[in-house]
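Structural overview for review
The chain contents come next:
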Amino acid sequence: MVDAFTVMNALGLLAFAAAGALKGAEADLDLFGVVVLGVLTALGGGTLRDVLVGRVPAALRSTADVTVAFVGVALAVAFVVLSEDVRGHPALVVSDAVGLAAFAATGALVGVEAGLSPFGVVVLATLTGVGGGSLADLLLTRVPVVLREDFYATPAAVGGAGFWAATVGGATSEQALLGTAVAVFAVRMLAVRGDWRLPTLSAV
Amino acid sequence: MVDAFTVMNALGLLAFAAAGALKGAEADLDLFGVVVLGVLTALGGGTLRDVLVGRVPAALRSTADVTVAFVGVALAVAFVVLSEDVRGHPALVVSDAVGLAAFAATGALVGVEAGLSPFGVVVLATLTGVGGGSLADLLLTRVPVVLREDFYATPAAVGGAGFWAATVGGATSEQALLGTAVAVFAVRMLAVRGDWRLPTLSAV
Amino acid sequence: MVDAFTVMNALGLLAFAAAGALKGAEADLDLFGVVVLGVLTALGGGTLRDVLVGRVPAALRSTADVTVAFVGVALAVAFVVLSEDVRGHPALVVSDAVGLAAFAATGALVGVEAGLSPFGVVVLATLTGVGGGSLADLLLTRVPVVLREDFYATPAAVGGAGFWAATVGGATSEQALLGTAVAVFAVRMLAVRGDWRLPTLSAV
C-alpha cells in the first residue's frame, strides 16, 4: 500500500521540479540549465534533510525520486513551449507553494522519526521546504527567496511546529502530514495574495 | 558541572548570533532576515562541523544551542534599536572575533575527538570558525569575508594547529580550549587593528 | 601496491588544485585567496562525495590528500610567477579537464561501492567532478561553470553512467576507472575545442 509520506514526497518532487525548471526558463538558461535547476530544486531539500540526520540521501538510493523529478521538468518544459510567456505566471507560484507545503511536512516527519528536539523538527521542516529553491537561487547568484520574502520560510517553520505539536497530541503520521501540508499551502498562498511583509528594523 | 566545551560553545553562539544579526541590520534586511542571518551565523559553523564528522548536528538535537542563539539575536536587535548607527561599529568586530575564537577552539576539540589527521583538525577548526559567517555572506551574495580578509581564516587555522600540538604535548582539553580561544582572539584583533594583509601574486 | 583509485585520486587533486589556484590568480586574489581556492577546488568534490555516502571525508582523515593539493597549488603559483599572463591559458583548461575526468571516475567507483542506484552513481560522479569548482565559483560569487557551460557536467554524468554499465558488464574497477577517465577527458576537450552548446528553450 502506498503511504502518505510517499504521496507527499512525490507531490513535492513534481511541483518543485516544475517550479525550478520554470525559474530556469525565466532566467533564460539553456535546456541543460533548465533541467539542472529543476532537478536540483526538487532533490536539494530532501538531500539536505537526509544528510543532516545522517542518512544516505533518498535521491541517491532509489531511482523513483529522480524519475518523478524528470517528469516534473518535462511538464514544465511542455508548459513553456506551449505558453507564450511564463514570467510571473501563477503556475510558478502555485507549484512552488505545493512543493513547499509537501516538503515541510515530510521534513517534519523525518525530524520526529530521528528523535530531534522540537526546534530541530522546525529547522528540518524549514530546510527541507526551502533548501532546494535556495540552492537553485545560489547557483543563479541571487539572494535566495527565503531572505527576500518573509512569508516563504515562515509557513514551513510554523508547519514544522504544528506537526510536532500534532504528534505530541496523539495524531497519526498520516493526519499530521496532511494537516501540515494543507496549513503551509494555505498560509503561503494567503501571504502571496496579501503581499504580507514584516517590518524592517529601521522602521521600529 | 558545566565543562569548558559548553561554556566556549555558548560564548561562540551568543557572539556569532549577535554579529550575524548586526550584519543583517547593516544590510537593511527586515526583522525576519535579521533573525535568519543571526541564527544561521551562530549555528552554521557547528552544523558543518558535525556533518563532516558524521554526527547529527547539535543544533538539531538540543534546544539549548538555539535558545542561546536567539538570546544573541535579541541582544543585537536591542543594540540596534538603542544605538543611532551600527555601520562599522566596534561591537560587530569584537563579537565576531569572540565567535571566531570560541568556535575554532570547539572545532579543534571535536576534530581531535573524532581522530582526524592534524590537517583535519586544522580544517575543522577553520570551518567551524568561518562556516556560519560564510553561509551568511553567501545568502547575501557577497564574497565571504574569509576571502576578502587574509587574517580571518588564518587565526582559526593557526589555532587549530596549536590545539593539536597542545594535546599532543599533554595539555588537557580545558587548557587547550582556553589557550586556543585566547590566541585566536588576540591574533584576530591585532590583524584588524594593524590592517594586516598578505601580498598578491602580481606583486611577487 | 598502489591501486588505480589512489593514482586517479592523486591526479585529480593535483590537477584541480592547480586549476583552482590559477582561477584565483586570474581573479586577482592575494596569495592566501589563491591557496584557499586551490585547496577548496581540489578537496571540495571528494568531501561532498564522502558526506553524501556517510563517510568522514578523506581530506580530513588522511594527510596525503592535502599534501598533494598543496603541491598542485605550488606548481600553479610557480607557473604564474614564471609566465607573463595566465588569462585563458590552455594549462588551466587542460588541468581542469584532467581533474574533472579523474574525479568523475573516483566518484562513480565510490557510488557503486556504496550500493547506490544507477542514477545515484551518475549524480555522485557528477558532483565529485564539478563540486570543488562550483564551491570555488560560489565563493567568488560567480554563476558556477556547471551552469554556464553545457558540456562541463555532461561528460562527468555520461562517465558515471558508463562506469556503472561497465561494472554491470563485468569490467574490473581498474578497467572501469581508466575507461571512464579517458572518455570524460576526451569528451570535455572536444567540447571545449568545438564550443559545443545545447539549444535554449526560447529557440525551441
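Residues numbered from 1 in each chain as written. Chains lettered and ligands numbered in written order. Predicted model: local features only at pLDDT ≥ 70, side-chain atom pairs only at ≥ 80, totals over all residues. Heavy atoms only, no water.

**Some thoughts on a nonpolar patch on the surface**
A cluster of nonpolar side chains, namely V187, L190 and W196 of chain A, defines an oily patch on the protein surface of about 260 Å² accessible area. Mapped onto the elements, V187 of chain A comes out in helix α9 (residues 173-194). (Patch = residues over 30% accessible without salt bridge, like charges linked within 9 Å, V, L, I, M, F, W, Y side chains within 5 Å. Areas by Shrake-Rupley, 256 points an atom, 1.4 Å probe, with all protein chains shown as cover. Salt bridge = Lys/Arg side-chain N within 4 Å of Asp/Glu carboxyl O. Helix = DSSP H or I, 4+ residues; strand = E, 2+ residues; numbered from the N terminus.)

**What about the UniProt feature "transmembrane region" (unreviewed entry) in chain A?**
Residue and element names in this part refer to chain A. Residues annotated in UniProt with the feature "transmembrane region" (unreviewed entry) correspond here to residues 31-52, 64-83, 89-112, 119-141 and 161-187. Taken end to end, residues 89-112 comprises 96% helix and 0% strand; its first and last C-alpha atoms sit 36 Å apart. The span residues 119-141 is 91% helix and 0% strand, and its two end C-alpha atoms sit 29 Å from each other. (UniProt positions renumbered as here; feature names shortened; annotations may be inferred.)

**Some words on the relation of the copies chain C and chain B**
Of the transformation superimposing chain C on chain B, the axial component is 0.0 Å and the angular component is 120°, with the fit at an RMSD of 0.0 Å. Given the turn and translation reported, the copies of this chain are related as if by a three-fold rotation axis. Looking at the interface residues of chain C, only 11% of them are also at the interface in chain B, so each copy uses its own face. (Least-squares fit on C-alpha atoms with pLDDT ≥ 70 in both. Contact = heavy atoms within 4.5 Å.)

**Thoughts on the interface of chain A and chain C**
Listed by partner, the interface residues are 28 residues for chain A and 25 residues for chain C. For the pair chain A and chain C, the two sides together bury roughly 2,000 Å², of which 77% comes from carbon and sulfur. Counting the contacts that link chain A with chain C gives zero salt bridges. Taken together, the elements giving at least two residues each to the side of chain A that touches chain C come down to α2 (31-52), α3 (58-61), α4 (64-82) and α6 (118-139) of chain A. Among the elements that line the side of chain A that touches chain C, the one with the most residues is α2 of chain A, at nine residues. (Buried area = accessible area lost by both parts, 1.4 Å probe.)

**So, the packing of aromatic side chains**
With the rule as written, the count across this model stands at six aromatic pairs over all chains. Measuring from centroid to centroid gives 6.4 Å for F119 of chain A and F70 of chain B, while their planes differ by 85°, and the two rings are edge-to-face. Residue F119 of chain A is located in helix α6, and its partner F70 of chain B is located in helix α4 (residues 64-82); the two belong to separate chains. The class for F119 of chain A is buried, based on a relative accessible area of 18%. (Phe/Tyr/Trp six-rings, centres within 6.5 Å; stacked < 30°, edge-to-face > 60°. Buried < 20%, exposed > 50% of the residue type's maximum accessible area, 1.4 Å probe, protein only.)

**Details of α9 of chain A**
Residues and elements named next belong to chain A. Taking 1.5 Å per residue as the helical rise, α9 with its 22 residues ought to reach 32 Å, and the 31 Å between its terminal C-alpha atoms agrees with that figure. Taken together, the buried positions of α9 are occupied by A176, L177, T180, A181, V184, R188, M189 and A191. Its buried side turned inward, α9 meets α1 (4-26), α5 (90-113) and α8 (150-168). At the C-terminal side of α9, D195 shows a positive phi close to 50°. (Expected span 1.5 Å × (residues − 1).)

**Examining the nonpolar core**
Buried together is how nonpolar side chains tend to be arranged in soluble globular proteins. Grouped together as the largest cluster of nonpolar side chains are 172 residues, with contacts concentrated most on L43 of chain A, L43 of chain B together with L43 of chain C. Apart from residues lying up to four places away in sequence, L43 of chain C is in contact with F119 of chain B together with L13, A59, D65, V66 and A69 of chain C. (Core = buried A, V, L, I, M, F, W, Y, C linked by side-chain atoms within 4.5 Å.)

**Thoughts on the packing of α5 of chain A against α6 of chain A**
Residues and elements named next belong to chain A. In the contact formed by α5 and α6, the axes pass within 7 Å of each other and the chain directions differ by 145°. The hand of the α5/α6 crossing is right-handed. Counted together, L100, F103, A104, T106, G107, A108, V110, G111 and V112 of α5 and V121, L124, A125, T128, G129 and V130 of α6 form the full contact between these two elements. Here the residues of the contact of α5 with α6 sort into ten nonpolar, five polar and no charged. (Axes fitted to C-alpha atoms, helices over the stretch in contact; angles between N-to-C directions. Left-handed = near helix turned anticlockwise from the far one by under 90°. Nonpolar A, V, L, I, M, F, W, Y, C, P; charged D, E, K, R; others polar.)

**Focus: the UniProt feature "domain: Glycine transporter" (unreviewed entry) in chain A**
Residue and element names in this part refer to chain A. Sequence positions flagged by UniProt for "domain: Glycine transporter" (unreviewed entry) are, in local numbering, residues 7-79 and 94-165. End-to-end, the C-alpha atoms of residues 7-79 are 23 Å apart, and along that stretch the chain is 85% helix and 0% strand. Secondary structure content for residues 94-165 is 86% helix and 0% strand, while the C-alpha to C-alpha distance between its ends is 27 Å.

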